Amino acid sequence: MRDRATASLTTIVVDDEQLACGELSYLLKDFPEVDVIATGSNGLEAVDLIQKLEPEIVFLDVNMPGLDGLGVVRQLREKGTDLPYFIFVTAYDQYAVEAFRLEAMDYLLKPVDKGRLAETIERARRMIQDKKAPEAGTPAQSAAPPRTRLLVRAQNRQFIVDANDVIYATIDNGLITLVTTNLEGHSSYRTIEDLQANLDRDMFWRVHRSFLVNINRIKEVVPWFKSSYQLRMDDRKHTEVPVSRVQTRRLRELFKL
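Residues numbered from 1 in each chain as written. Predicted model: local features only at pLDDT ≥ 70, side-chain atom pairs only at ≥ 80, totals over all residues. Heavy atoms only, no water.

Student: Teacher, can you tell me more about the sheet that holds strand β4 (residues 85-90) here?
Tutor: Strand pairing in a sheet takes place through backbone hydrogen bonds and is either antiparallel or parallel in direction. Within the open sheet, the five strands sit side by side as β2-β1-β3-β4-β5. Their pairing is parallel. A single partner strand is all that each edge strand has here, and the edge strands are β2 (34-40) and β5 (106-109). Across the sheet, the mean angle separating the axes of adjacent strands is 20° when strand polarity is ignored. Sheet topology places strand β3 (residues 57-60) next to β4; four bridges connect them, and they run parallel. Bridge pairing in β4 links L60 to F88. Contacting β1 (9-14), β2, β3 and β4, helix α2 (residues 43-53) runs over the sheet at an angle of about 140° to β2. (Pairing = 2+ DSSP bridges. Helix = DSSP H or I, 4+ residues; strand = E, 2+ residues; numbered from the N terminus. Axes fitted to C-alpha atoms, helices over the stretch in contact; angles between N-to-C directions. Contact = heavy atoms within 4.5 Å.)

Below, the structure is given as structure tokens:
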């Protein structure tokens, strides 16, 4: 378990009022465990940033033009995206019931009180640690042997492929696509987590919420914006797969970047 002072809670702040966004970002600088990796100014930008950067926490305004904060959560759910912990920050208390119905972690009223913010961050830190702890503590011997063969549905047929030939898997709207050396089709697994749990974890790496890649099929590491990276895979299209901020450290360790 990481020490509180060194733990990094990847965070995004989204508010259409630039002053409010700046003030909250400034307050968060006093919490060393919080790493603000991006800010946004509207709901559509929030959806895009969350899918690309996979933050653990999102501070989100409710009233925003185009797509409001509650709509952000609904849209991400419809897309089948794994949700971060949402903390709504607003000047209005009437949206609290709906926010908590959408499983918001907390609801802060503007102007944000620093003591109240500290309580929220501590709660988030504990929840994220508790969520990660079972994964870290699962005995290796309790896991089932990894599958070496997978079923792929393509062209109205069902093919059996060697797991080593899978280049990457991706999920969109609840449907998993498997790309192999010879074909592209769909998997019967319902989630990326289930698929990964049945494969060799030393070979298959979940670099992003929506992507699972075969480490042996990475052709190139491509620098991207703000010290992030994409992986160019060894498929026919040379697909570029985003690496989440959370997984960037492992990428650097893996390839000695």
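Student: Where do I start with helix α1 (residues 18-28) in this structure?
Tutor: An α-helix turns once per 3.6 residues; consequently, residues spaced three or four apart project the same way. Among the residues of α1, A20, C21, L24, S25 and L28 are the ones counted as buried. Seen along its axis, α1 keeps its buried residues to an arc of 130°; they face one direction. Facing away from the buried side of α1 by over 90 degrees, the exposed positions are Q18, L19 and Y26. (Buried < 20%, exposed > 50% of the residue type's maximum accessible area, 1.4 Å probe, protein only. Arc of directions from axis to C-beta.)

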